[in-house]
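Okay, here's what each chain looks like letter by letter:
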Amino acid sequence: FPGLADVSLPQDIPVEGEITVPVGSHSPDEDYSTLDEPVKDTIMRDLKAVGKKFVHVMYPRKSSALLRDWDLWGPLVLCVSLALMLQGGSADSKDDGGPQFAEVFVIIWFGAVVITLNSKLLGGTISFFQSLCVLGYCVLPLTVAMLVCRLVLLAGAGTISFIIRFLVVLAMFGWSTLASTAFLADSQPPNRKALVVYPIFLFYFVISWMILTFTPQ
Amino acid sequence: SSQMWQVGKRQASRAFSLYANIDILRPYFDVEPVQVRARLLESMIPVKMINFPQKIAGELYGPLMLVFTLVAILLHGMKTSDTIIREGTLMGTAIGTCFGYWLGVSSFMYFLAYLCNAQITMVQMLSLLGYGLFGHCITLFVTYNIHFHSLFYIFWLVVGGLSTLRMVAVLVSRTVGHTQRLILCGTLAALHMLFLLYLHFAYHKVVEGILDTLEGPNMPPFQRVARDIPVVSNAVLNTTAKAIALTL
């Protein structure tokens, strides 16, 4: 290398400095620190995350919080509460107490799995659990509708109560479908949105139908 | 601990991609909404040209959605007819019936087509039968809400008949030989029309008919009460029962 012939390092500049890189107080310490924290902190953190997602469902905006940190706690809580409220509503409560809880549970999870598979097969870019998370959280308006229906039924089961219940369930069904569409439809190619929205519509329709035809014994 | 998580995740994703490779099904879901709509409408129009093999789209999105719609309509019918199912659940029965029909009859027809040398693949058979359920969906949706028997029979003949004719015509165009065509088309037509009949009568509103008072304490042990007396013969039964009661 002829160009480098005249470069020479001065021999008397001392090399100094720290040779060890200071390890930051993250990675290994933080993993252990979440294990050491009190249980209350862990629970409160998870509850806050679930609560934040509930707010996102009730006011659906184009935010990615539901999709980024998916969790299945919220859907589980909603599913169990909906199934508990729908229990004991058949003609023969002594026989059908058990299967009805399992029925609602299976419908919600099986339906969510089918919709997720369908959206993935249609070329969606969303992952399996993200989609399950969104569909589960969007059952929240229908759970609210179930609560309202039960309260209305306490007052009586006439035509007026049926009209009130019908309107409430219809509104909540629309809200659920719109909320889940707002989150899921973005992950599809633009001209195929209708193909993804229809199964979601059918899924929430079946749940709304179960809520509307519920008559307590 | 993070390393264990990584290893576990890698193993799980390998197992998942091996056993749950849904990409096999991906080409069958490659449709546009306009195509689905066109195929739904086409399923009610019988083709005229049976000397040339008709094209069947091997698509599974439309049939799957139609089966689920049929399940939803069946649920509605079962609820409004107050069907009580002891050994099972409403949803389980509805799903079992619809999927059992779609998959079972398709497999059976594919087997018959194989015997009769018809040119049709399994996916095409599933697709054809699935789109034929569109007529069933329309008929049941209307007649579960409007309970007139004559209306049901008209719908059964017209709507059911149209979709059957379409399926039969497509099958005929893909089969050679008179006996084979007869076997295939007869079986398909019979199964298709009988299924619609079954769906209507099995979950129909229970008519508080004269049969209940006649049987009384001799109630049979089966629990799904679904009896129906056509409007025409109701009067006859009434008078006959009155005559018998008077003589007893």
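Residues numbered from 1 in each chain as written. Chains lettered and ligands numbered in written order. Predicted model: local features only at pLDDT ≥ 70, side-chain atom pairs only at ≥ 80, totals over all residues. Heavy atoms only, no water.

**Observations concerning the overall build of chain B**
Step number 1: Helix and strand counts for chain B come out as 9 helices and 0 strands.
Step number 2: Going from the N terminus to the C terminus, chain B shows its helices and strands as α-α-α-α-α-α-α-α-α.
Step number 3: Long-range contacts, defined here as pairs at least 24 residues apart, represent 76% of the contacts in chain B between residues at least 6 apart.
Step number 4: Surface summary for chain B: the accessible area is close to 13700 Å², and the carbon and sulfur share equals 69%. (Helix = DSSP H or I, 4+ residues; strand = E, 2+ residues; numbered from the N terminus. Contact = heavy atoms within 4.5 Å. Areas by Shrake-Rupley, 256 points an atom, 1.4 Å probe, with all protein chains shown as cover.)

**Considering the overall build of chain A**
Step number 1: The number of helices and strands found in chain A is 9 helices and 0 strands.
Step number 2: Along chain A, from the amino end to the carboxyl end, the secondary structure elements read α-α-α-α-α-α-α-α-α.
Step number 3: Counting all 217 residues of chain A, 41% fall into the buried class.
Step number 4: A sequence separation of at least 24 residues applies to 76% of the contacts in chain A between residues at least 6 apart.
Step number 5: Element-wise, carbon and sulfur atoms account for 70% of the exposed surface of chain A, whose accessible area totals about 12500 Å². (Buried < 20%, exposed > 50% of the residue type's maximum accessible area, 1.4 Å probe, protein only.)

**Focus: the side chain of Ser161(A)**
Step number 1: Secondary-structure assignment places Ser161(A) in helix α8 (residues 159-184).
Step number 2: When residues no more than four places from it in sequence are discounted, the contact partners of Ser161(A) are Val152(A) and Gly156(A).

**Here we look at the packing of helix α4 (residues 73-85) of chain A against helix α7 (residues 140-155) of chain A**
All names here are of chain A.
Step number 1: Interhelical geometry of α4 versus α7 gives an angle of 25° and a closest axis separation of 10 Å. Taken together, the axes of α4 and α7 lie roughly parallel to each other. Two packed elements cross with a definite hand, and for α4 against α7 that hand is left-handed. Judged by residue contacts, Leu78, Ser81, Leu82, Leu84 and Met85 of α4 engage Leu140, Leu142, Thr143, Met146, Leu147 and Arg150 from α7.
Step number 2: Here the residues of the contact of α4 with α7 sort into 8 nonpolar, 2 polar and 1 charged. (Axes fitted to C-alpha atoms, helices over the stretch in contact; angles between N-to-C directions. Parallel < 35°, antiparallel > 145°, perpendicular 65-115°, else oblique. Left-handed = near helix turned anticlockwise from the far one by under 90°. Nonpolar A, V, L, I, M, F, W, Y, C, P; charged D, E, K, R; others polar.)

**Side note on the packing of aromatic side chains**
Residues and elements named next belong to chain A.
Step number 1: As enumerated under the stated definition, the model contains 16 aromatic pairs over all chains in all.
Step number 2: With a centroid separation of 5.6 Å and 75° between ring planes, the pair formed by Phe54 and Tyr137 is classed as edge-to-face. Pair noted here: Phe54 is in helix α2 (residues 39-58) and Tyr137 is in helix α6 (residues 128-137), with a separation of 83 residues, a long-range link.
Step number 3: A relative accessible area of 22% means that Phe54 is categorised as partly exposed.
Step number 4: The exposure class of Tyr137 is buried, given its relative accessible area of 0%.
Step number 5: Taken together, a centroid distance of 5.5 Å and an interplanar angle of 55° make the contact between Phe173 and Phe201 tilted. On the criterion of sequence distance, the pair formed by Phe173 in helix α8 and Phe201 in helix α9 (residues 193-212) is long-range, its members being 28 residues apart.
Step number 6: Among the aromatic side chains, those forming a connected cluster through ring pairs are Phe173, Tyr198, Phe201 and Phe205. (Phe/Tyr/Trp six-rings, centres within 6.5 Å; stacked < 30°, edge-to-face > 60°.)

**So, a nonpolar patch on the surface**
All names here are of chain A.
Step number 1: A surface patch of nonpolar side chains, amounting to about 470 Å² of accessible area, comprises Phe162, Ile163, Phe166, Leu167 and Leu170.
Step number 2: By the element assignment, Phe166 lies in helix α8.
Step number 3: The class of Phe166 is partly exposed, set by a relative accessible area of 37%. (Patch = residues over 30% accessible without salt bridge, like charges linked within 9 Å, V, L, I, M, F, W, Y side chains within 5 Å. Salt bridge = Lys/Arg side-chain N within 4 Å of Asp/Glu carboxyl O.)

**Side note on the confidence of the model for chain B**
Residues and elements named next belong to chain B.
Step number 1: In this model, chain B carries an average pLDDT of 79, and 75% of its residues clear a pLDDT of 70 or more.
Step number 2: Below pLDDT 50 for its whole length, residues 206-227 participates in 29 contacts with residues either more than four positions away or in separate chains.
Step number 3: Both scores are given for the predicted complex: the pTM is 0.74, the ipTM 0.73. (pLDDT = per-residue confidence, 0-100.)

**Some words on the UniProt feature "transmembrane region" (unreviewed entry) in chain B**
Residues and elements named next belong to chain B.
Step number 1: Under the feature "transmembrane region" (unreviewed entry), the UniProt entry names residues 60-78, 90-116, 128-147, 153-173 and 182-203.
Step number 2: Regarding residues 60-78, the helix share stands at 95% and the strand share at 0%, and the terminal C-alpha atoms are separated by 27 Å.
Step number 3: Secondary structure across residues 128-147 divides into 90% helix and 0% strand, with the first and last C-alpha atoms of the span separated by 29 Å. (UniProt positions renumbered as here; feature names shortened; annotations may be inferred.)

**Brief notes about the pattern of salt bridges**
Step number 1: The full count for this structure, using the stated rule, is 4 salt bridges over all chains.
Step number 2: Here Lys53(A) ties to Asp71(A) by a salt bridge, and the two come within 2.6 Å at their closest N and O atoms. On the criterion of sequence distance, the pair formed by Lys53(A) in helix α2 and Asp71(A) in the loop between α3 (65-68) and α4 is long-range, its members being 18 residues apart. Each of the two residues, Lys53(A) as well as Asp71(A), counts as buried.
Step number 3: Notably, a salt bridge pairs Asp30(B) with Arg192(A), separated by 2.7 Å at the nearest N-O pair. Here Asp30(B), found in the loop between α1 (2-19) and α2 (33-42), pairs with Arg192(A), found in the loop between α8 and α9, and the two come from separate chains.

**Quick look at helix α4 (residues 90-115) of chain B**
Step number 1: Over its 26 residues, α4(B) extends 37 Å from the first C-alpha to the last, a length consistent with the 38 Å expected when each residue adds 1.5 Å.
Step number 2: At Gly100(B), α4(B) shows its maximal kink, close to 25°. (Expected span 1.5 Å × (residues − 1). Bend = angle between axes of the 7 residues up to and from the residue.)

**Structural notes on the UniProt feature "transmembrane region" (unreviewed entry) in chain A**
Residues and elements named next belong to chain A.
Step number 1: Per the UniProt record, "transmembrane region" (unreviewed entry) is found at residues 70-89, 101-122, 134-156, 162-184 and 196-215.
Step number 2: Helix makes up 87% of residues 134-156 and strand makes up 0%, while its end C-alpha atoms are separated by 35 Å.
Step number 3: The distance from the first to the last C-alpha atom of residues 196-215 is 32 Å, and the span holds 85% helix and 0% strand.

**A closer look at the environment of Thr143(A)**
All names here are of chain A.
Step number 1: Mapped onto the elements of the fold, Thr143 is located in helix α7.
Step number 2: A C-alpha to C-alpha distance of 5.7 Å links Thr143 and Leu82, two positions 61 residues apart in sequence.
Step number 3: Discounting chain neighbours no more than four positions away, the residues touching Thr143 are Leu78, Ser81, Leu82 and Met85.

**Section: the nonpolar core**
Step number 1: One finds Tyr204(A) and Leu184(B) to be the most contacted residues of the largest nonpolar core, which totals 111 residues.
Step number 2: In terms of residue count, the dominant contributor to this core is helix α3 (residues 61-80) of chain B (13 residues).
Step number 3: In this view, Leu184(B) contacts Met109(B), Leu112(B), Ala113(B), Cys116(B), Ala118(B), Leu171(B) and Thr175(B); residues no more than four positions away in its chain are not counted. (Core = buried A, V, L, I, M, F, W, Y, C linked by side-chain atoms within 4.5 Å.)

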